[in-house]
Amino acid sequence: MENSKVQEILENQVLTVAKAVEDKLDEEIAALDRLDSDDLEVLRERRLKQMKKMAEKRSRWISIGHGEYYEIPSEKEFFNVVKASERVVCHFYRENWPCKVMDKHMSILAKQHLETRFVKINAEKSPYLAEKLRIIVLPTLALIKNAKVDDYVVGFDELGGKDDFSTEELEERLAKAQVIFFDGESSSNPSKAQTKKSVRQSSNADSSDSE
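Criteria and thresholds
- Residues numbered from 1 in each chain as written.
- Predicted model: local features only at pLDDT ≥ 70, side-chain atom pairs only at ≥ 80, totals over all residues.
- Heavy atoms only, no water.
- Axes fitted to C-alpha atoms, helices over the stretch in contact; angles between N-to-C directions.
- Helix = DSSP H or I, 4+ residues; strand = E, 2+ residues; numbered from the N terminus.
- Left-handed = near helix turned anticlockwise from the far one by under 90°.
- Contact = heavy atoms within 4.5 Å.
- Nonpolar A, V, L, I, M, F, W, Y, C, P; charged D, E, K, R; others polar.
- Salt bridge = Lys/Arg side-chain N within 4 Å of Asp/Glu carboxyl O.
- Pairing = 2+ DSSP bridges.

> Explain the packing of helix H4 (residues 97-112) against helix H6 (residues 167-176) to me, and be specific about the residues and the numbers.
It is the contact of H4 with H6, at a shortest axis distance of 10 Å, that shows an interaxial angle of 65°. For the crossing formed where H4 meets H6, the hand is right-handed. Between H4 and H6, the residues in contact are Met-102, His-105, Ile-108, Leu-109 and Gln-112 and Thr-167, Leu-170, Glu-171 and Leu-174, respectively. A per-class count over the contact of H4 with H6 returns 5 nonpolar, 3 polar and 1 charged.

> Go over the pattern of salt bridges with me, naming the residues and quoting the values.
Scanning the model with the defined rule gives 9 salt bridges in all. One salt bridge connects Asp-151 with Arg-173, and the closest N-O pair in it is separated by 2.9 Å. Here Arg-173 lies in helix H6 and Asp-151 lies in strand E5 (residues 148-154), a separation of 22 residues in the sequence. It is possible to trace a salt-bridge network through shared partners that takes in Asp-151, Glu-158 and Arg-173.

> I'd love a proper account of the pairing of E5, names of residues and values included.
Bridge count between strand E4 (residues 140-145) and E5: 6 bridges; the pairing is antiparallel. Considered in E5, the bridge of Lys-145 is made with Lys-148. The antiparallel pairing of E4 with E5 creates a hairpin that spans 2 residues between the two strands, and Asn-146 there sits at a positive phi of about 55°.

Interpretation note: all reported values are geometric properties and have no functional meaning in isolation.
As structure tokens, this is what we get:
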């Protein structure tokens, strides 16, 4: 008897939720039906303006180096980079295997996230920056927003502690820090199949630094 009572309550709750969702959809459909040609034209114009604004942003991002992963040649240039871009992921590296693994992931994400600038700088040749930003473990990613270092990804500890982490895992960590976006300004949403794959396999065949 008690079980049937619980079942009845659950069924009533499900029906209530379903009815609320249905009512919400009906309201939205009715609102669309009420739109006249002038309203539709306003929506169209608004959408076109949004698309134009985004196209202008993308053009500017590409013109200053977004979309490619490359090396900053000097400490002075580092400051120019972070001032020019609202969001920057900077890989402090040296010539070793862990940093080459990070290079591969950074190269992939740079192409997928035009809204963010992906760069690297040799920590051993940048003593002032390394000391100022307290860079000790390599690789370290400095996550920079509005010209200020907001967060760090130090080594692979947050990525499973091994070098076989996926690009998706790094992408999710950067998104959590809000230095990249999955939606909105992101240039594309990578497929799960592509980003879940570890780059270690392909890195074994080609372990040279990415440009």
